[in-house]
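Spelled out, the chains give:
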Amino acid sequence: MPRRPLHKRLLNSIHRARWKEQHALVVELSRDYLQKHPEDATVWICLGHALTNLSRYPEAEHALSIELAPGFEALQYIFYRERAELERRRGKLQEAQEWFQRALEADIEGGDLYLRVDLGLTALKLGNLEEAEAHLRLTLEDGDFESKGADYFRLAQVLRAQNRIEESLNYFRQAAAFNPKSKVAKEEVNELEQVLLLRLINGNGP
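If you're wondering where the values come from, they're calculated on a predicted model, not measured in any experiment. Just so you know, the residues in each chain are numbered from 1, in the order the chain's sequence is written. Two thresholds apply to this predicted model, a pLDDT of at least 70 for residue-level local features and 80 or more for giving and counting side-chain atom pairs, whereas whole-chain, interface and lining totals are computed over all residues. Excluded from the side-chain calculations are hydrogens and water; all other atoms, namely the structure's heavy atoms, are used.

**Comments concerning the overall build of the chain**
Threshold: Strands here mean DSSP runs of E at least two residues long; helices mean DSSP runs of H or I at least four residues long; both are numbered from the N terminus. As a reference, a globule follows 2.2 Å times the number of residues to the power 0.38, and the radius of gyration itself is taken over C-alpha atoms. Burial status follows relative accessibility: with a 1.4 Å probe on protein chains alone, a residue under 20% of its type maximum counts as buried, one over 50% as exposed, and anything between as partly exposed. In short, Shrake-Rupley with a 1.4 Å probe defines the accessible areas, and a residue's cover is counted only from the protein chains shown. The convention is simple: Lys and Arg are positive, Asp and Glu are negative, and His and the chain ends are not counted. Just so you know, the charge point we use is NZ for Lys, CZ for Arg, CG for Asp and CD for Glu.
In terms of helices and strands, the chain carries 11 helices and zero strands. Reading the chain from its N terminus to its C terminus gives the helix and strand order α-α-α-α-α-α-α-α-α-α-α. Whereas a compact globule of 206 residues would reach a radius of gyration of roughly 17 Å, the chain reaches 21 Å, over 25% beyond that. Scored against the burial criterion, the 206 residues of the chain give a buried share of 43%. Within the structure as shown, the chain displays about 12,000 Å² of accessible surface, and the carbon and sulfur contribution to it stands at 52%. Charged side chains in the chain number 29 positive and 33 negative. The centres of these two groups are separated by 7 Å.

**Details of helix α11 (residues 183-201)**
Applied cut-off: A helix is expected to reach a length of 1.5 Å times the quantity of its residues less one. When we speak of the arc, we mean the arc of directions from the helix axis to the C-beta atoms. Whether two residues touch is decided by their heavy atoms; if any such pair falls within 4.5 Å, the residues are in contact.
Its 19 residues place the ends of α11 27 Å apart at the C-alpha level, agreeing with the 27 Å of an ideal helix rising 1.5 Å per residue. Among all positions of α11, only Ala 185, Glu 188, Val 189, Leu 192, Leu 196 and Arg 199 are buried. Down the axis, α11 shows its buried residues gathered within 100 degrees of arc, on one side only. Set apart from the buried face of α11 by more than 90 degrees, the exposed residues are Lys 183, Glu 187, Leu 198 and Ile 201. Contacts from the buried residues of α11 go to α9 (148-161) and α10 (165-178). Count one or two residues on from α11 and you reach Gly 203, which has phi positive near 70 degrees.

**Things to note about helix α7 (residues 114-126)**
Helix length check: α7, at 13 residues, gives a terminal C-alpha distance of 18 Å against a target of 18 Å (1.5 Å per residue), a fit within 8%. Backbone geometry just after α7 places Gly 127 at a positive phi near 85 degrees.

**Concerning the packing of helix α5 (residues 76-89) against helix α6 (residues 93-106)**
Describing two packed helices takes the angle between their axes plus the distance from one axis to the other. As a reminder, the rule being used: For helices, the fitted line uses only the C-alpha atoms of the stretch in contact; every axis is such a line through C-alpha atoms, and the angle between N-to-C directions lies from 0 to 180 degrees. What sets the label is the angle itself: under 35 degrees gives roughly parallel, over 145 gives roughly antiparallel, 65 to 115 gives roughly perpendicular, and the rest give oblique. The sense of a crossing depends on the near helix, which, turned anticlockwise from the far helix by less than a right angle, makes the crossing left-handed and, turned clockwise, makes it right-handed. In this count, Pro and Cys sit with the nonpolar residues alongside Ala, Val, Leu, Ile, Met, Phe, Trp and Tyr, while Asp, Glu, Lys and Arg are called charged and the others, Gly among them, polar.
Closest axis-to-axis distance for the α5/α6 pair is 8 Å, and the angle between their directions is 165 degrees. With respect to α6, the axis of α5 lies roughly antiparallel. In this structure, α5 crosses over α6, and the sense of that crossing is left-handed. Residues Gln 76, Tyr 77, Tyr 80, Arg 81, Arg 83, Ala 84, Glu 85, Glu 87 and Arg 88 of α5 form the contact with α6, whose participating residues are Leu 93, Glu 95, Ala 96, Trp 99, Phe 100, Arg 102, Ala 103 and Ala 106. Considering only residue class, the contact of α5 with α6 consists of nine nonpolar, one polar and seven charged.

**Focus on a nonpolar patch on the surface**
For clarity, the threshold we go by: Here, patches come from residues exposed beyond 30% relative accessible area and free of salt bridges, joined within 9 Å for like charges and within 5 Å for nonpolar side chains (Val, Leu, Ile, Met, Phe, Trp, Tyr). Salt bridges are counted wherever a side-chain nitrogen of Lys or Arg sits within 4 Å of a carboxyl oxygen of Asp or Glu.
A contiguous nonpolar patch, built from Leu 197, Leu 198, Leu 200 and Ile 201 and spanning about 450 Å² of accessible area, is present on the exposed surface. Mapped onto the elements of the fold, Leu 198 is located in helix α11.

**Brief notes about the pattern of salt bridges**
Tallying each qualifying case throughout the model produces 15 salt bridges. Of the charged contacts, one joins Arg 83 and Glu 61 as a salt bridge, the two residues approaching to 3.1 Å between their closest N and O atoms. You can see Arg 83 sitting in helix α5 and its partner Glu 61 sitting in helix α4 (residues 57-63), a full 22 residues away along the chain. Look at Arg 83 and you get buried, because its relative accessible area is 10%. Taking relative accessible area as the criterion, Glu 61 reaches 28% and is therefore assigned partly exposed. Taking the shortest distance from any N to any O, the salt bridge between Glu 87 and Arg 83 comes out at 3.0 Å. Placement of the pair is Glu 87 and Arg 83 together in helix α5, with a separation of four residues, close to one helical turn. Connected via shared salt-bridge partners are Glu 61, Arg 83, Glu 87 and Arg 90.

Below you can see the structure in the form of structure tokens.
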């Protein structure tokens with residue numbers, strides 16, 4: 001049986017190393033590959049992702065700024081999403097939010113539901129609570145069944161930040177019911193039940 005061409009074997013090694021989160025290995029393999037195949041947008045993404053995880057941010061920014069590859073347009077939203085993650089990792093949340101928004105707009109088919117999650121959680125960290133709620137409600141509407149528990153939990157966190165305790169408790173309860181083994185959701189339910197009880201005792205209402 002004939003062996004695969006060297007560049008195909010190298011490409012497979014890059015994707016295998018990325019799947020195993022062997023970031024340093026991905027960097028070495030990708031740079032070797034890109035010397036002869038600089039037009040491969042998927043490998044620039046692999047390289048940028050690995051460099052971000054190694055906290056080599058200036059190099060990651062360069063890798064994720066490559067727009068010469070023929071396949072760039074089809075992968076545009078992935079470049080933007082990776083760039084957003086880079087900015088989030090180095091603490092630039094406003095920039096991260098802007099890149100996540102660009103990724104959402106470039107995701108023409110709307111197949112990446114996690115972009116809404118990323119936008120919602122970034123808005124939450126920035127204190128933009130109404131914006132966070134809007135994104136996470138859309139995630140809850142559009143997400144698949146298996147993600148519902150996490151979706152309920154994230155929305156509950158935003159509602160709690162808005163001091164909407166009864167609504168937050170309702171969603172934490174749904175998260176706990178969806179994932180009965182989740183101790184975290186049950187602890188949140190217990191805490192907010194105590195908050196509501198104290199408010200009732202003190203006559204402060206819900």
